[in-house]
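# Architecture and fold: a report
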Amino acid sequence: MATCMLSSFPKVRHLASHHTPSLSECLSTRTDHAVKMHEVPDDYLADVIRLAKKVAIDHGLVDYNIIQNNGRIAYQSVDHVHFHVIDKPDVDTGLVVKWPPQKSPEELEVYRAELFKKMGAEGKTLYDD
């Protein structure tokens, strides 16, 4: 698979890696090696999102996914943090996600309450008044 650097921001680089049926652009951290996203400094992540936006605009993408995997069972195959911008021109092309619910609505509500308590939140969402 051929890869070439197309552009960069101070802390990330934009690599073209067209190995899927649709456009897939890889955004990689430049100088801060990390295996998983939570190990990357916030300013690097900010540059990744800015560059992902630039890639989407430059390619005229309408529908697309931005993905980043953490760990082998989460489909991470390369041991450094990188993101993909994947064009989704139709239902069958690009990233196909099948995400069946793992918990009942009641179990999810218990999990949500526990998570909010752990985070010190009041249990309100952004949509609550």
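A quick note: this is a predicted structure, and the numbers were derived from the prediction, not measured.

Further remarks concern helix α1 (residues 42-58). Since there are 3.6 residues in each turn of an α-helix, residues three or four apart along the chain are aligned in direction. The terminal C-alpha atoms of α1, which comprises 17 residues, lie 24 Å apart, in line with the 24 Å expected from a rise of 1.5 Å per residue. All of the buried residues along α1 are Tyr44, Leu45, Asp47, Val48, Leu51, Ala52, Val55 and Ala56. Phi turns positive, to about 65 degrees, at Gly60, one or two residues after α1.

Here we take up the pairing of strand β5 (residues 82-87). Counting buried positions along β5 yields 6 of 6 residues, so the element is predominantly enclosed. Alternating positions in β5 separate into two faces, His82, His84 and Ile86 on one and Phe83, Val85 and Asp87 on the other, with burial throughout.

Looking now at the confidence of the model for the protein. For the protein, the average pLDDT comes to 75, and 68% of its residues sit at 70 or higher. When the elements of the protein are averaged for pLDDT, strand β1 (residues 4-8) gives the smallest value, 49, and strand β4 (residues 64-67) the largest, 89. Confidence drops under pLDDT 50 across residues 1-6; counting only partners more than four residues distant or on other chains, this segment forms 17 contacts.

The end-to-end C-alpha separation of helix α2 (residues 105-119) is 21 Å, in line with the 21 Å expected for 15 residues at 1.5 Å each. Just beyond α2, the residue with positive phi is Gly120, at close to 80 degrees.

Judged by nonpolar contacts, Ala34, Val40, Tyr44, Leu45, Val48, Val81 and Phe83 together constitute the single largest core of 7 residues. Sorting elements by how many residues they give to this core places α1 first, with 3 residues. In terms of nonpolar packing, the next biggest core, distinct from the first, is built from 5 residues, Ala52, Val55, Ala56 and Val85 among them.

So, about a nonpolar patch on the surface. Taken together, Tyr111, Leu115 and Met119 make up a surface patch of nonpolar side chains, about 320 Å² in accessible area. As for its placement among the helices and strands, Tyr111 is situated in helix α2. Look at Tyr111 and you get partly exposed, because its relative accessible area is 47%.

What counts, and at which threshold
Residues numbered from 1 in each chain as written. Predicted model: local features only at pLDDT ≥ 70, side-chain atom pairs only at ≥ 80, totals over all residues. Heavy atoms only, no water. Helix = DSSP H or I, 4+ residues; strand = E, 2+ residues; numbered from the N terminus. Expected span 1.5 Å × (residues − 1). Buried < 20%, exposed > 50% of the residue type's maximum accessible area, 1.4 Å probe, protein only. pLDDT = per-residue confidence, 0-100. Contact = heavy atoms within 4.5 Å. Core = buried A, V, L, I, M, F, W, Y, C linked by side-chain atoms within 4.5 Å. Patch = residues over 30% accessible without salt bridge, like charges linked within 9 Å, V, L, I, M, F, W, Y side chains within 5 Å. Areas by Shrake-Rupley, 256 points an atom, 1.4 Å probe, with all protein chains shown as cover. Salt bridge = Lys/Arg side-chain N within 4 Å of Asp/Glu carboxyl O.

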